[in-house]
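Observations on the three-dimensional arrangement
Now for the letters of each chain:
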Amino acid sequence: MNALDITGNIAVLGYGLAAIGPGVGVGLIFAAVINGTARQPEAQSKLQSIAWIGFGVTEVLAIIGIALAFVFKK
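Residues numbered from 1 in each chain as written. Predicted model: local features only at pLDDT ≥ 70, side-chain atom pairs only at ≥ 80, totals over all residues. Heavy atoms only, no water.

Further remarks concern the overall build of the chain. The helix and strand inventory of the chain stands at three helices and zero strands. What you see in the chain, going N to C, is helices and strands ordered as α-α-α. Taken over 74 residues, the chain has a buried fraction of 16%. (Helix = DSSP H or I, 4+ residues; strand = E, 2+ residues; numbered from the N terminus. Buried < 20%, exposed > 50% of the residue type's maximum accessible area, 1.4 Å probe, protein only.)

Right, dumping it as structure tokens:
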């Protein structure tokens, strides 16, 4: 077994660890929306639209991460 045999496994492991960031980010985004809605209910529609945009941007980072895991896999 040489170093090239485990390269693919390390890429998948690296993506698994990198997926923690977007997961935490999405949790923080929606926690802030819930908190903001509880404090100011009339701002719910504005907060929710901003939250969905933030959710999309955060998930794009995760999708780029999985794409790079396949690109760097040998």
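This part is about the UniProt feature "transmembrane region" (unreviewed entry) in the chain. UniProt annotation of "transmembrane region" (unreviewed entry) refers to residues 12-38 and 50-72 when read in the numbering used here. Regarding residues 12-38, the helix share stands at 96% and the strand share at 0%, and the terminal C-alpha atoms are separated by 39 Å. End-to-end, the C-alpha atoms of residues 50-72 are 33 Å apart, and along that stretch the chain is 96% helix and 0% strand. (UniProt positions renumbered as here; feature names shortened; annotations may be inferred.)

Another aspect to go through is the packing of aromatic side chains. This structure, assessed with the given rule, holds three aromatic pairs. Judged by centre distance (5.5 Å) and plane angle (90°), the rings of Trp52 and Phe55 are edge-to-face. Remark: Phe55 and Trp52 occur in helix α3 (residues 44-71); sequence separation between them is three residues, near one turn of the helix. What makes Phe55 partly exposed here is its relative accessible area of 27%. (Phe/Tyr/Trp six-rings, centres within 6.5 Å; stacked < 30°, edge-to-face > 60°.)

What follows is about the packing of helix α2 (residues 20-39) against α3. Where α2 meets α3, the axes come as close as 9 Å, and the angle between the chain directions of the two elements is 175°. By the angle class used here, α2 and α3 are roughly antiparallel. Judged by residue contacts, Pro22, Gly25, Val26, Ile29, Phe30, Val33, Gly36 and Thr37 of α2 engage Gln44, Leu47, Ala51, Trp52, Gly54, Phe55, Thr58, Glu59 and Ala62 from α3. Counted by class, the contact of α2 with α3 contains 10 nonpolar, six polar and one charged residues. (Axes fitted to C-alpha atoms, helices over the stretch in contact; angles between N-to-C directions. Parallel < 35°, antiparallel > 145°, perpendicular 65-115°, else oblique. Contact = heavy atoms within 4.5 Å. Nonpolar A, V, L, I, M, F, W, Y, C, P; charged D, E, K, R; others polar.)

Taken together, the side chains of Val60, Leu61, Ile64, Leu68, Val71 and Phe72 define a hydrophobic patch exposed on the protein surface, amounting to about 590 Å² of accessible area. With respect to the helices and strands, the residue Leu61 is situated in helix α3. (Patch = residues over 30% accessible without salt bridge, like charges linked within 9 Å, V, L, I, M, F, W, Y side chains within 5 Å. Areas by Shrake-Rupley, 256 points an atom, 1.4 Å probe, with all protein chains shown as cover. Salt bridge = Lys/Arg side-chain N within 4 Å of Asp/Glu carboxyl O.)

What follows is about the confidence of the model for the chain. Overall, the predicted model of the chain reaches an average pLDDT of 83, with 84% of residues at or above 70. Per-residue pLDDT, averaged within each element of the chain, yields its smallest value for helix α1 (residues 7-18) (71) and its largest for α2 (93). (pLDDT = per-residue confidence, 0-100.)

Attention now moves to the environment of Ile50. Locating Ile50 in the fold gives a position in helix α3. Relative accessible area serves as the criterion here: at 54%, Ile50 is assigned to the exposed category. In sequence terms Ile50 and Ile29 are 21 residues apart; their C-alpha atoms lie 9.4 Å from each other.

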